[in-house]
Structure formats: C-alpha cells, structure tokens
Amino acid sequence: GIYCIKLDNQIVYIGKSTNMLYRVAEHYVGIQTGSEVKYRILAEAARKNHSITFDVLYDASSFGREQIQEEIGNMEGEYIRKYRPVLNTQIPKADNWRSYDVV
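The shown structure was predicted, so the numbers you read here are calculated from the model rather than taken from an experiment.

Basis of the calculations
Residues numbered from 1 in each chain as written. Predicted model: local features only at pLDDT ≥ 70, side-chain atom pairs only at ≥ 80, totals over all residues. Heavy atoms only, no water. Helix = DSSP H or I, 4+ residues; strand = E, 2+ residues; numbered from the N terminus. Buried < 20%, exposed > 50% of the residue type's maximum accessible area, 1.4 Å probe, protein only. Contact = heavy atoms within 4.5 Å. Arc of directions from axis to C-beta. Polar contact = N/O pair within 3.5 Å; in protein donor to acceptor, adjacent residues only side chain to side chain.

1. Regarding the side chain of His 27
Position of His 27 relative to the elements: it lies in helix H1 (residues 20–33). Exposure remark for His 27: the relative accessible area of 0% places this residue in the buried category. Setting aside residues up to four positions removed in sequence, His 27 forms contacts with Tyr 3, Ile 5, Tyr 13, Lys 38, Tyr 39 and Phe 54.

2. Observations regarding helix H2 (residues 37–47)
Of all the positions in H2, only Lys 38, Tyr 39, Leu 42, Ala 43 and Ala 45 are classed as buried. Angular distribution of buried residues about the axis of H2 spans 160 degrees; they occupy a single face of the element. In H2, the exposed residues that point more than 90 degrees away from the buried face are Val 37 and Arg 47. Here the buried face of H2 lies against strand S1 (2–7), strand S2 (10–16), H1 and strand S3 (52–58). The positive-phi residue at the C-terminal boundary of H2 is Asn 49, with phi of around 65 degrees.

3. Let's talk about the side chain of Ser 17
Looking at the secondary structure, you find Ser 17 in the loop between S2 and H1. A relative accessible area of 12% means that Ser 17 is categorised as buried. At 2.9 Å, the side chain of Ser 17 forms a polar contact with the backbone nitrogen of Asn 19. When sequence neighbours within four positions are dropped, the list of residues in contact with Ser 17 reads Gly 1, Tyr 3, Arg 23 and Ile 72.

None of this, on its own, says anything about what the molecule does.
Below you can see the structure in the form of structure tokens.
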C-alpha cells in the first residue's frame, strides 16, 4: 500500500510497501537512530513536541507480488506528484514510476 508520514498533520513523506507494519517500524527506528537526513529532521521536530503520525493512503487491490508492486508503484508516483512532500527527494515520472526526477 501507500502510506504517508505527517508532521503536525501535514504530509511530509509518502512511501510504498507490501508490508506496511514492517515499513512503519523501519521508519520509527530511523527516527530514533537518525540514520538519514529525513529521520534527523523528524527526530528534531519530535523533540520540539511536534506530532508525527503515519497514515495509510491507499491499499492495493491487485493479487500477486508483481501486480501489487506495479499498482502501488504507479499510485505512489501519483500521490507524490499531487502532494509534493518536502521529505521526498525523488519524484516518480508519470510515464514510468521506476524512473524519477531528483529534487
């Protein structure tokens, strides 16, 4: 599915995963360890009492790993292009979600 990370109820990151619980746990650990720039930003915001939440934006309706990957790959690109979250540094192209522009 497609999920988002919100900072004070504003979408700041959009991602995809076939195992949402595992992926959210990875993000949580990343925030705790500051393993990437986006996590250090979120950790600092949390220290300053800003709220950080995770929400599901879209659940895949396809069956089969390849079909699910294709469906959520396309949908992730649509959501990123629509919301332009500040912590997404790669914008999937509309004609091929496997290629992207770097911002």
